Amino acid sequence: MFWNLLGLESILICAAGITLLGNYSGLVIAGLIVSAVNFVVNEPGSILFWEIIILAYICFGLITAYLLNRKTHNFRVLKVAGGSVTSLFLFGMLLPFIPAILIWTAIIGIPLVFNYRSISRAIVLQAIFKFIFCTGWLIIGNILY
């Protein structure tokens, strides 16, 4: 049971990382990954219910990403932040929570703090959306199991 849960969390963290690092295709690929988890773990009666929720979540994410992407096309900051948060999730899965946050802060968080003035508000809004959206994939995937 432990290995099944660890494998599921690794798959969901990959989906969250793809959402953070990819643009539109990342959202769709993450949705396909969570959809595959839905087909594997649910009985046939509830698959359609969860598929509707997953498809609605993908559509909402694509529309919101399109609206936020119109304002900015600077994805370098988002990719650095996305990769660092994905590494934080992986550290948190394998290490206790406090040491994982300390390691993440030392490696990634401190350099981001020194560059905060060069980051525009549109990029911050886009990063917040992507973090919330990837956390949503983790929540949906854990509820599925």
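Going by the structure above, here's the rest.
Thresholds applied
Residues numbered from 1 in each chain as written. Predicted model: local features only at pLDDT ≥ 70, side-chain atom pairs only at ≥ 80, totals over all residues. Heavy atoms only, no water. Helix = DSSP H or I, 4+ residues; strand = E, 2+ residues; numbered from the N terminus. Buried < 20%, exposed > 50% of the residue type's maximum accessible area, 1.4 Å probe, protein only. Contact = heavy atoms within 4.5 Å. Areas by Shrake-Rupley, 256 points an atom, 1.4 Å probe, with all protein chains shown as cover. Axes fitted to C-alpha atoms, helices over the stretch in contact; angles between N-to-C directions. Parallel < 35°, antiparallel > 145°, perpendicular 65-115°, else oblique. Nonpolar A, V, L, I, M, F, W, Y, C, P; charged D, E, K, R; others polar. Expected span 1.5 Å × (residues − 1). Polar contact = N/O pair within 3.5 Å; in protein donor to acceptor, adjacent residues only side chain to side chain.

> Help me out: how do you make sense of the overall build of the chain in this one?
Counting its regular elements, the chain contains 6 helices and 0 strands. Put simply, the chain has 145 residues, and 38% of those count as buried. Nonlocal contacts in the chain, meaning residues at least 24 apart in sequence, comprise 75% of its contacts between residues at least 6 apart. Summed over its atoms, the accessible surface of the chain is roughly 8600 Å², and 77% of this surface lies on carbon and sulfur atoms.

> Is there a simple way to think about the packing of helix H2 (residues 24-41) against helix H3 (residues 44-69) in this case?
A pair of packed helices is characterised by two quantities: the angle between their axes and the separation of those axes. One can describe the packing of H2 onto H3 by two numbers: an axis separation of 10 Å at closest approach and a directional angle of 170°. Classified by the angle between their axes, H2 and H3 sit roughly antiparallel to one another. Residue-level contacts link Tyr24, Leu27, Val28, Gly31, Val34, Ser35, Asn38 and Phe39 of H2 to Ile47, Trp50, Glu51, Ile54, Ile58, Gly61, Leu62, Ala65, Tyr66 and Asn69 of H3. Split by residue class, the contact of H2 with H3 holds 12 nonpolar, 5 polar and 1 charged.

> It is not clear to me how H3 should be interpreted in this structure. Could you clarify?
Since the α-helix turns once every 3.6 residues, residues separated by three or four places project in the same direction. Spanning 26 residues, H3 covers 37 Å between terminal C-alpha atoms, matching the ideal 38 Å at 1.5 Å per step. Every buried residue belonging to H3 is among Ser46, Ile47, Trp50, Glu51, Ile54, Tyr57, Ile58, Gly61, Thr64, Ala65, Leu68 and Asn69, and all of these are buried.

> Just to check I follow, could you spell out the side chain of Ser35 for this structure?
By the element assignment, Ser35 lies in helix H2. Filtering out sequence-adjacent residues up to four positions away, Ser35 remains in contact with Glu51 and Ile54.

> Sorry if this is basic, but what is going on with the side chain of Asn38 here?
Position of Asn38 among the secondary structure elements: in helix H2. A distance of 3.0 Å separates polar atoms of two side chains, one belonging to Asn38 and the other to Glu51. Every residue in contact with Asn38, bar those within four places of it in the chain, is listed here: Ile47, Trp50, Glu51, Ile54 and Leu144.

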